[in-house]
Amino acid sequence: MRKINLSGKPAVASVFILLAIGLSGCLSLVPGYHVYDEFTNTHRYTLTESESNSEYGSDIGEADIKCSRLVTANSESVAFYFSIERETNSFGLEPKGFMKANGKQFEIQVSDIFDEERSRDRTTITKDSTATGKQRKTISTTHQNWIVTNFVVPVTPEMLAAIRSGRDMMFRFYFGPDMATYKISKISTLMYRLLDQDPRKK
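Since the model is a prediction, treat every value here as computed from it, not as a measurement.

Draft legend 1. Broad picture of the overall build of the chain. In terms of helices and strands, the chain carries 3 helices and 10 strands. Written out in order from the N terminus, the α and β elements of the chain read α-β-β-β-β-β-β-β-β-α-β-β-α. The proportion of buried residues among the 202 residues of the chain is 38%. Contacts in the chain between residues at least 24 apart in sequence constitute 64% of all its contacts with a sequence separation of at least 6. Total accessible area computed for the chain in this model is approximately 11,600 Å², and 52% of it derives from carbon and sulfur atoms.

Printed below as a string of structure tokens:
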């Protein structure tokens with residue numbers, strides 16, 4: 001698997017999930033996990049994590065994933081939000097993918113696909129000594145470009161039933177000749193507690 005080198009990104013998602021696990025079921029105490037939106041009368045539950053692409057040699061890199069559950073007085077819905085880093089010479093996301101949970105495979109249609117082009121300059125300063133003993137400083141700058149593909153995976157009742165029944169979950173997406181596979185680990189561990197929360201019974 002090729003990993004796009006974008007060091008320096010804050011590891012907020014990992015800290016968030018580790019904190020949640022340490023609270024032993026007290027997910028409501030994690031900041032941002034449960035938010036009540038008084039404008040829409042909606043309870044919003046969100047879990048996040050980052051996962052690397054399991055496919056070796058792919059131009060598709062890491063994914064930031066959010067699982068969002070919305071609960072209103074009369075309905076509820078669950079969706080996964082993906083932001084996937086990829087090389088500039090890679091192909092765009094195909095709208096059809098797959099999800100597997102509890103040994104069951106589902107074909108999925110992603111929605112709201114849009115790409116963001118990102119870039120940054122990185123400056124490196126190197127110091128060494130010349131033959132005469134003088135200090136020499138070398139400054140070099142490299143320019144890096146990459147693409148972030150954002151999209152949504154709506155969760156159907158059948159998918160939700162499989163998620164509730166087991167603790168394994170993975171997604172497969174296609175970017176032209178490249179595959180991207182993400183094994184959901186941290187969200188899987190906490191997903192069942194997220195689904196059991198029902199503010200309507202309080």
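The discussion continues.
Draft legend 2. Broad picture of the sheet that holds strand 6 (residues 104-109). Across the sheet, which stays open at both edges, the 4 strands sit in the order 6-5-9-10 with antiparallel pairing between neighbours. At either margin of the open sheet sits one strand with a lone partner, and together these are strand 6 and strand 10 (178-184). Sheet twist, expressed as the mean angle between neighbouring strand axes with direction ignored, is 20°. Direction of pairing for strand 9 (residues 169-175) relative to strand 10: antiparallel, over a ladder of 7 bridges. Each bridged residue has a counterpart across the sheet, and for M170 the counterpart in strand 10 is K183. Contacting strand 5 (96-101), strand 6 and strand 9, helix 2 (residues 157-165) runs over the sheet at an angle of about 140° to strand 6.

Draft legend 3. Examining the pattern of salt bridges more closely. All told, the structure shown has 5 salt bridges when counted by the stated rule. With its nearest N and O atoms 3.3 Å apart, the salt bridge here joins E55 to R172. With E55 in the loop between strand 2 (42-51) and strand 3 (60-71) and R172 in strand 9, the pair connects residues that are 117 residues apart, well separated along the chain. You can call R172 partly exposed: its relative accessible area is 23%.

Draft legend 4. Structural detail: the pairing of strand 6. Inspection of the sheet shows strand 5 paired to strand 6 by 6 bridges, in the antiparallel sense. What sits directly across from M99, in strand 6, is F106.

Draft legend 5. Layout of the packing of aromatic side chains. All chains considered together, the criterion is met by 9 aromatic pairs. Between F82 and F173, the aromatic rings sit 5.0 Å apart at their centres with planes inclined by 75°, giving edge-to-face as the arrangement. Of this pair, F82 sits in strand 4 (residues 76-86) while F173 sits in strand 9, placing them 91 residues apart in sequence. For the pair formed by F82 and F173, the shared burial category is buried. Taking 4.9 Å as the distance between ring centres and 75° as the angle between the ring planes, the aromatic pair formed by F151 and F173 counts as edge-to-face. In this pair, F151 is assigned in strand 8 (residues 135-154) and F173 in strand 9, connecting sequence segments 22 residues apart. Just as F151 is buried, F173 falls in that class too. Grouping aromatic residues by their ring pairs yields a cluster made of F80, F82, F151, F171, F173 and Y182.

Cut-off values and rules
- Residues numbered from 1 in each chain as written.
- Predicted model: local features only at pLDDT ≥ 70, side-chain atom pairs only at ≥ 80, totals over all residues.
- Heavy atoms only, no water.
- Helix = DSSP H or I, 4+ residues; strand = E, 2+ residues; numbered from the N terminus.
- Buried < 20%, exposed > 50% of the residue type's maximum accessible area, 1.4 Å probe, protein only.
- Contact = heavy atoms within 4.5 Å.
- Areas by Shrake-Rupley, 256 points an atom, 1.4 Å probe, with all protein chains shown as cover.
- Pairing = 2+ DSSP bridges.
- Axes fitted to C-alpha atoms, helices over the stretch in contact; angles between N-to-C directions.
- Salt bridge = Lys/Arg side-chain N within 4 Å of Asp/Glu carboxyl O.
- Phe/Tyr/Trp six-rings, centres within 6.5 Å; stacked < 30°, edge-to-face > 60°.

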